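Each chain, written out:
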Amino acid sequence: FRWTHLGCPKAETRPSCVHEDGLAAVRCCSDSGSNSLCISVCAKEEVGANSRQGVAPLTDLEGLAATAAEAIAECSARGQRLCTRRELERQQCCKSGCAADFVKVWTADNCSVQQCKPRSSSGCASGASASERHRRWGGTSNRHAKYSSNATLAQLADVFWTDKGRSTHKYTDLYAAMWEGLRKRVRNVTEVGVETGGSLLMWHAYFEHSHIYGLDPQPMPPRKLRGFLGAREGRLHYTRCDATDAAQVAAAGLANGSMDIVIDDAGDH
């Protein structure tokens with residue numbers, strides 16, 4: 001078991017203990033004098049698009065979905081190591097690329113199963129690599145995902161590793177208070193600001209009768225996009241769109257008044 005933390009954690013953000021077969025993003029550190037040099041490793045097709053100074057992997061990685069062994073091997077291939085919890089908590093890796101500031105990142109620090117279970121059982125099971133990767137980036141059917149149809153929004157946030165859950169921004173309790181009673185009736189939901197896509201999958205599972213639309217100005221890598229949208233009952237939609245540009249919003253084809261819920265998670269407008 002190994003600690004994960006947000007790539008750029010705030011003071012109130014807690015780390016999560018995850019089985020090493022789980023999945024998290026990769027940031028590598030190396031010592032340079034009194035400071036640590038930190039880099040972020042993206043999927044190959046993300047470099048130059050979403051990378052924002054991240055680097056392409058030297059090994060076979062799935063972007064933000066690497067096992068601990070894969071992360072260690074990647075950092076070792078670079079002559080580096082996994083960053084420690086302390087380095088991440090000091091925000092030494094903030095804005096180092098791959099949009100990994102707001103997703104879970106592997107650390108060099110080990111933890112125990114006792115520390116894992118109280119936080120999230122979804123990350124404690126061994127042998128989770130293939131199934132978790134399959135679920136996160138496009139499992140063959142929503143029915144095969146490992147969550148109950150009556151799972152709470154907080155539980156779904158853990159399943160899909162979004163930053164909206166109780167271990168990070170803690171938005172899910174507020175969202176559930178507003179929308180739990182409407183869960184079966186909502187038909188159209190738009191989220192502005194997609195990042196890694198975990199929250200779109202969370203909304204897809206939570207509002208099981210709704211179409212979910214994601215808008216983001218950054219392109220999603222083609223391989224990830226195909227898996228992300230594939231076999232999700234035609235209810236999940238992604239459009240590259242700057243929500244501050246009226247022409248782009250109009251071109252997205254979402255009519256005024258057509259949405260039951262709009263979630264603005266773009267962060268800068």
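Anything mentioned here points back to the structure above.
Enquirer: Would you explain the overall build of the protein in this entry?
Expert: Scanning the protein for helices and strands turns up nine helices and 10 strands. Burial status across the protein gives 50% buried among its 269 residues. As presented, the protein carries roughly 12400 Å² of accessible surface, and 50% of it is formed by carbon and sulfur atoms.

Enquirer: Help me understand the pairing of strand β8 (residues 211-216), please; the structure alone is not making it clear to me.
Expert: Looking along a regular strand, one sees the side chains alternate between the two faces of the sheet. In terms of burial, β8 is largely enclosed, as five of its six residues are buried. Strand direction decides the pairing type here: strand β7 (residues 188-192) and β8, joined by five bridges, are parallel. Within β8, the position partnered with N188 by the bridge is H211. Here five bridges tie β8 to strand β9 (residues 236-240), and the two strands are oriented parallel to one another.

Enquirer: What exactly am I supposed to notice about helix α6 (residues 172-179) here?
Expert: Along an α-helix, residues three or four positions apart point the same way, because every turn accommodates 3.6 residues. When we look at burial in α6, the residues that qualify are T172, Y175 and W179. Along the long axis of α6, the arc covered by the buried residues comes to 65°, so they all point the same way. Residues of α6 that are exposed and angled more than 90 degrees away from the buried face: L174 and A177.

Enquirer: Before we go on, may I ask you to explain the pattern of salt bridges in this structure?
Expert: Side chains that differ in charge, positive against negative, can pair when their charged atoms come close. Inspection of every chain in the model, using the stated rule, returns seven salt bridges. Between E20 and R2 there is a salt bridge, with its nearest N and O atoms 3.0 Å apart. Of this pair, E20 sits in the loop between β2 (16-18) and β3 (26-32) while R2 is found in strand β1 (residues 2-6), placing the two residues 18 residues apart along the sequence. What makes R2 buried here is its relative accessible area of 9%. The residue E208 makes a salt bridge to K184 at a minimum N-O spacing of 2.3 Å. Of this pair, E208 sits in the loop between α7 (198-206) and β8 while K184 is found in the loop between α6 and β7, placing the two residues 24 residues apart along the sequence. The exposure class assigned to K184 is partly exposed, which follows from its relative accessible area of 43%.

Enquirer: For this particular structure, what's the right way to read the pairing of β7?
Expert: The buried count for β7 comes to five of five residues, which makes it a mostly enclosed element. Two strands pair when backbone bridges link them, and β7 and strand β10 (residues 261-264) are joined in this way by four bridges, in the parallel orientation. From the neighbouring strand, T190 faces β10, where its bridge partner is V262.

Enquirer: Could you clarify how one ought to interpret the state of the cysteines in this entry?
Expert: Here is the idea: a disulfide is a covalent bond, and it sits between the sulfur atoms of two cysteines. Using the criterion set out here, one finds six disulfides in the structure. A sulfur-sulfur distance of 2.0 Å marks the disulfide that ties C29 to C83. On the S-S bond that ties C29 to C83, the torsion sits near 95°, and the link is right-handed. Of this pair, C29 sits in strand β3 while C83 sits in the loop between β5 (81-82) and α2 (85-89); the two residues are 54 residues apart in sequence, bridging distant segments of the chain.

Enquirer: What am I meant to see in the packing of aromatic side chains here?
Expert: The geometry of an aromatic ring pair is captured by two quantities: the separation of the ring centres and the angle between the planes. In the structure shown here, the tally under the stated rule is eight aromatic pairs. Relative to F207, the ring of W203 has its centre 5.8 Å away and its plane inclined at 20°; by these criteria the two rings are stacked. With respect to burial, W203 and F207 carry one shared label: buried. Here the aromatic cluster, defined as three or more aromatic residues joined through ring pairs, consists of Y171, Y175, W179, W203, Y206 and F207.

Enquirer: What should I look at first to understand α7 in this one?
Expert: Most of α7 sits out of view: nine of its nine residues are buried. When α7 is considered as a whole, its buried residues turn out to be G198, S199, L200, L201, M202, W203, H204, A205 and Y206.

Enquirer: What's the story with the nonpolar core in this structure? I'm lost.
Expert: As a rule of thumb, soluble globular proteins bury nonpolar side chains together. In this structure, W203 and F207 are the most contacted members of the largest nonpolar core, which totals 22 residues. Every element with two or more residues in this core is listed here: α5 (153-159), α6, α7, β9 and β10. By residue number, the principal contributor to this core is α7, which donates six residues. With sequence-adjacent residues up to four places away left out, W203 is seen in contact with L153, K164, Y175, W179, E191, I212 and I263.

The rules we used
- Residues numbered from 1 in each chain as written.
- Predicted model: local features only at pLDDT ≥ 70, side-chain atom pairs only at ≥ 80, totals over all residues.
- Heavy atoms only, no water.
- Helix = DSSP H or I, 4+ residues; strand = E, 2+ residues; numbered from the N terminus.
- Buried < 20%, exposed > 50% of the residue type's maximum accessible area, 1.4 Å probe, protein only.
- Areas by Shrake-Rupley, 256 points an atom, 1.4 Å probe, with all protein chains shown as cover.
- Pairing = 2+ DSSP bridges.
- Arc of directions from axis to C-beta.
- Salt bridge = Lys/Arg side-chain N within 4 Å of Asp/Glu carboxyl O.
- Disulfide = S-S within 2.5 Å.
- Phe/Tyr/Trp six-rings, centres within 6.5 Å; stacked < 30°, edge-to-face > 60°.
- Core = buried A, V, L, I, M, F, W, Y, C linked by side-chain atoms within 4.5 Å.
- Contact = heavy atoms within 4.5 Å.

Geometry only, nothing functional implied.
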